[in-house]
Amino acid sequence: MNSVISRRNLFKLFTVTGILGILGYSRVVKPQPTIHKWDTLTLPRTLNKRKKVVVIGGGLAGLASAYELSNRGFEVTLLEKSPQLGGKIASWDIKIGEDSFKMEHGFHGFFPQYYNLKSIVNEINIKDNFQSLDYYSVVFKDNKYKPENFRPSHSSFPWNIVDLAISSQNSLHWGINLANPAHWRVFHAITSFKIPNSYYDLDAISVSDWATKGIPQGLFDLYFLPFAKSSLNAPDVLSTGELMQFFHFYFFGNPEGLAFNGTVDDMGTSLVNPIAENIKHNNGKVITEANISKINCIGDRITSIEYYQGNEVSNVAFWVNENLSLKDEQYDYYGAGDELFAVVKDTDKAFSLSCTHQGCIVNKQENGQFLCPCHGAMYDQEGKVINPPAPRNLKIYKVVARENNRVKLINDEAKIASKPKKIEADYFVMATDVNGLKHLFNLIEGESCVQTKTQVESLPLADPFAVGRFWLDKDFDWQHSNFASLSGYKLTDSITLYHRIQREYKEWAQKTGGSVVELHAYCYKEKEFPTQESILATFIEELYEIVPELANAKILHQQLVNQKNFSGYPPNSFKMRPSTETEVKNLMFAGDWVKMPFPCGLMERAISSGLLSANAILYQEGLQRRDLLSVNPSGLLSI
């Protein structure tokens, strides 16, 4: 009996000693990224025969896919609907008086665990396009909590959390009660993340509902709430399984800390354009303002796509149904979604309401003009451009027939392409946003890929986001990071001091003594802020709350960006989310809406999905797939 007890005690001693050894080792040695090697054999890296690939969508996912494939010898054509590449990180020109600036969809930070994005940056030698922002603050309204400051780390879990507890001025307010079983369940959930297990357990409940089941209030206020919204999804419509993935990637599985880099110039100049130039250097084609008109399939393969470019349009007449939900004394409306048309009453004159910048539907204003809600382009009552960034007037059409509650339209402009351009290819990658993907699938004729179509139709969108950027006639003191998350405000979720980060804004501030501040609402509720006027007014009100010193400053200029195109991750969405490969043998998916095999988020998720789509094509051609990197794919307690 004693020998049995002795062996048990010895086993316990070895177990405890082993755990302590691992913990001690993890304290002094920085963990390395997990390498996802897809091939055990050494295979050829480049093609020895001609193969064509069409990548649809010029955001980060499409750029990554086109980048990898063009480097491997594929003949790549990258098609983008907008005038600029970049998608959600695109940049475009604006003019303010005599000064020109690059405008964006909002500030983007590059976290140190964006390993796959960093690998591309290193490969094309553009590290100097990025700068350290040193640390990252979360600031709470009315000083409900003291600011949290996150800095680089060199330890994995649990030491990164120990370091956070030591450095935080709020650790005594976390509200953890070790005697509360609910708190232990929260701890287990966030330290045992694993794909797909965590989704099976937690995907059916929203973060807001999960919070009522026992999350310590301090932890929720300090970390869960602000970082849940950083996913661009509101807690009431965000899956808890997705939040666990987000927290594992950014916190518990991340040994790098939360300090991050910003770009020296705008995102287009610093990142997008260099990747595009590399694609072209490898004989890839990059075509902007490409509007896909048809996708041709034979059996279970796509054979070709057809598209028009710029202001080229079809000369084929088409029917559109009346939109009875829109009423106006001056116009009748036809169509829906991103194909909406205004017909001047009692005439045969009509025009498209799709903004020529990035395809957003413009809204009629009280003065009769049309405003793009996304980037602020303005058109007059005849559809002519008044304010950029729209590159051209709205497309003009003529009513050639009327029947019941529909009209037949044909383009009425001078430049008409009688036939679209056609591209045949061996492979196709769809790397658009969710709206664009649904539009593409509507162009596929026949009954093929029924399951994939169902998955695409079920893809959700997040609540809309808004960005207000303000040029002011004075600078101000600021005690926090130049990009900081904000918590507790009605609308605003972050603030960025552009005049202390990007080169052209720094130069303007030095010349004028002014400042440029951006406020970002990640996922606001439309019923609370139904108009752009209400969004802008609230931004200005909260700007003065956040920086009281600016209350007597003059706003010299303001820009508003307002869109609803971010991917949603609501409860019960994981199961239906499509993967990289589809039932169409030569069609791959890329985008932040794709089901990923390892933890990643935001820009890293887009980049990684693009590289996965390239890997799927490389595999079919018998070529060596690219090794991908991630944080530890599962939590310490997931065993």
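The rules behind these values
Position labels on residues start from 1 in each chain and follow its written sequence. The predicted origin of the model limits local features to residues at a pLDDT of at least 70 and limits the giving and counting of side-chain atom pairs to 80 or more, whereas totals for whole chains, interfaces and linings rest on all residues. Each side-chain value is derived from all of the structure's non-hydrogen atoms; neither hydrogens nor water enter the calculation. Residues enter a patch when their relative accessible area is above 30% and they make no salt bridge; the linking distance is 9 Å between like charges and 5 Å between nonpolar side chains (Val, Leu, Ile, Met, Phe, Trp, Tyr). Each accessible area is a Shrake-Rupley estimate made with a 1.4 Å probe; only the visible protein chains count as cover when residues are assessed. For this document, the term salt bridge refers to a Lys or Arg side-chain nitrogen within 4 Å of an Asp or Glu carboxyl oxygen. Put simply, DSSP H or I for four residues or longer makes a helix, DSSP E for two residues or longer makes a strand, and each gets a number counted from the N terminus. Under the convention used throughout, the expected extent of a helix is 1.5 Å for every residue step, that is, one less than its residue count. Two axes define the bend at a residue: one fitted to the seven residues ending there, one fitted to the seven starting there, and the bend is the angle between them. A pair of strands is treated as paired once DSSP finds two or more bridges between them. Any residue under 20% of the maximum accessible area for its type is buried, any over 50% is exposed, and the rest in between are partly exposed; the area is computed with a 1.4 Å probe on protein chains only. Defined by distance alone, a disulfide is two cysteine sulfur atoms within 2.5 Å.

### Here's the deal with a nonpolar patch on the surface
Consideration 1: There is a patch of nonpolar side chains on the surface, built from Ile176, Leu178, Trp184, Phe187, Leu636 and Leu637 and spanning about 590 Å² of accessible area.
Consideration 2: Considering the arrangement of structural elements, one finds isoleucine 176 in the loop between α4 (159-167) and α5 (181-191).

### Quick look at helix α10 (residues 267-281)
Consideration 1: With 15 residues, α10 extends 20 Å between its outermost C-alpha atoms, agreeing within 8% with the 21 Å of an ideal straight helix rising 1.5 Å per residue.
Consideration 2: Bending of α10 peaks at approximately 35° at the position of asparagine 273, with proline proline 274 no more than four residues after it.

### Some thoughts on the pairing of strand β11 (residues 290-298)
Consideration 1: Taken together, the eight bridges between β11 and strand β12 (residues 301-309) define a ladder with antiparallel strand orientation. Within the sheet, the bridge partner assigned to asparagine 296 lies in β12 and is serine 304.
Consideration 2: Between the antiparallel neighbours β11 and β12 lie two residues, among them glycine 299 with a positive phi of about 65°.

### Points about the pairing of strand β7 (residues 136-140)
Consideration 1: Most of β7 is tucked away: five of the five residues are buried.
Consideration 2: Residue alternation in β7 divides its side chains into two sets, Tyr136, Val138 and Phe140 and Ser137 and Val139, and both sets are buried.
Consideration 3: Looking at chain direction, β7 and strand β8 (residues 148-150) are connected through three bridges and run antiparallel. Of the residues in β8, the one forming a bridge with serine 137 is asparagine 149.
Consideration 4: Sheet topology note: the β7/strand β26 (residues 483-487) ladder contains four bridges and is parallel. Opposite serine 137, over in β26, you have alanine 484 as the bridge partner.

### Notes on the sheet that holds strand β20 (residues 385-387)
Consideration 1: Ordered in space as β17-β18-β19-β20, the four strands form an open sheet in which the pairing is antiparallel. Among the strands making up the open sheet, the edge pair consists of β17 (363-364) and β20.

### Structural notes on the state of the cysteines
Consideration 1: Tallying each qualifying case throughout the model produces one disulfide.
Consideration 2: With a sulfur-sulfur separation of 2.1 Å, cysteine 360 is cross-linked through a disulfide to cysteine 374. Across the S-S bond linking cysteine 360 and cysteine 374, the dihedral sits near -110°, which makes this disulfide left-handed. Pair noted here: cysteine 360 is in the loop between β16 (349-352) and β17 and cysteine 374 is in the loop between β18 (370-371) and β19 (378-379), with a separation of 14 residues, a long-range link. Cysteine 374 shares its class with cysteine 360; the two are buried.

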